[in-house]
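Observations on the model geometry
Letter by letter, the chains look like this.
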Amino acid sequence: MVRRVLGDALRSLSVTESCVTDILLAASEACANAVRHGGPANRYEVVASIGEGNCDLRVIDRGLGLASIPERYPPADVEHGRGILIMQSVVDEIAFDITPGRGTTVHLRKQLAWDKEAATDAACVLAAV
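Residue numbers restart at each chain and count upward from 1, following the sequence in its written direction. Under the rules for a predicted model, residues below a pLDDT of 70 receive no local features and side-chain atom pairs below 80 are neither given nor counted, while totals for whole chains, interfaces and linings still include all residues. In computing side-chain values, all of the structure's heavy atoms are included and hydrogens and water are not.

Some points on the pattern of salt bridges
In the sections that follow, a salt bridge refers to a side-chain nitrogen of Lys or Arg positioned within 4 Å of a carboxyl oxygen of Asp or Glu. Scanning the entire structure with this criterion turns up four salt bridges. With a shortest N-O distance of 3.2 Å, Asp22 and Lys110 are connected by a salt bridge. Taken together, the positions of Asp22 in helix H2 (residues 17-37) and Lys110 in strand S4 (residues 103-111) put the pair 88 residues apart, joining distant regions of the chain. Members of the salt-bridge network, linked through shared partners, are Asp56, Glu93 and Arg109. Helical segments are the DSSP runs of H or I of at least four residues, strand segments are the runs of E of at least two, and each set is numbered from the N terminus.

See the structure below:
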């Protein structure tokens with residue numbers, strides 16, 4: 001649901017598809033980590049805001065908190081451990097607010113790139129209405 005709502009909102013604002021794809025990939029990885037490490041019932045909260053040319057996304061869980069942030073990708077035969085590094089590769093800023101035993105907030109920020117052609121088409125449709 002997060003991917004659909006966020007993707008629809010970004011596309012409705014004429015954000016380029018490559019930028020939308022990057023944001024949705026980062027959101028998916030953050031949500032997957034929240035489910036995997038988020039504590040009882042795997043509950044988490046997602047807060048997104050779009051403004052000042054950026055998309056800010058916060059994924060908040062109530063788990064035990066991260067022990068450490070990986071500095072490199074794990075070996076190819078390891079099934080987990082790439083999420084944070086993937087997020088770092090597709091967003092402009094990533095930060096963690098970790099409170100051991102009380103949860104983790106992952107803050108992602110990406111500068112938006114605009115699809116000028118789509119924005120022009122949308123303006124023409126609105127002008128015709």
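Additional details are given in the paragraphs that follow.
Quick word on the side chain of Asn54
By the secondary structure assignment, Asn54 is in strand S2 (residues 54-61). On the basis of relative accessibility, which here comes to 19%, the residue Asn54 falls in the buried class. Whenever a nitrogen or oxygen atom comes within 3.5 Å of another N or O atom, the pair is scored as a polar contact, on the condition that within protein one atom can donate a hydrogen and the other can accept it, and that pairs from neighbouring residues in sequence are kept only if both atoms are in side chains. Within polar-contact distance, the side chain of Asn54 engages the backbone oxygen of Glu52 at 3.3 Å. Residues are treated as being in contact if the distance between any of their heavy atoms lies within 4.5 Å. In this structure Asn54 touches Ser49, Arg109, Lys110, Gln111 and Leu112, once residues within four positions along its chain are discounted. Buried means the residue's accessible area, taken with a 1.4 Å probe over protein chains only, is under 20% of the maximum for its type, while exposed means over 50%, and partly exposed covers the values in between.

A word on the sheet that holds S2
Strands sit in the order S1-S2-S4-S3 across an open sheet of four strands; the sheet is antiparallel. Lying at the two open borders of the sheet, with one neighbouring strand each, are strand S1 (44-51) and strand S3 (93-99). Within the sheet, the average angular offset between the axes of one strand and its neighbour, ignoring direction, is 10°. Think of it this way: DSSP has to see at least two bridges between two strands before they count as a pair. Two strands pair when backbone bridges link them, and S3 and S4 are joined in this way by seven bridges, in the antiparallel orientation. Bridging from a neighbouring strand, Thr99 pairs with Gly103 of S4. Interaxial angle, 0 to 180 degrees, is taken between N-to-C directions of lines fitted to C-alpha atoms, where a helix line uses only the stretch in contact. Here helix H1 (residues 2-12) sits on the sheet in contact with S1 and S2, set at roughly 5° to S1. Each of S1, S2 and S4 is contacted by H2, which is oriented at about 175° to S4, the strand it contacts most.

What to know about H1
For H1, the complete set of buried residues consists of Leu6, Gly7 and Leu10. For H1, the arc enclosing every buried residue in end-on projection is 100°, short of the 170-degree limit, so these residues lie on one face. Exposed and facing more than 90 degrees away from the buried side of H1 are Arg4, Val5 and Ser12. Residues of H1 that are buried make contact with H2, S1 and S2. One or two positions beyond H1, positive phi appears at Ser14, with a value near 70°. Arc, as used here, means the arc of the directions from the helix axis to the C-beta atoms.

Purely spatial values, then, with no claim about function.
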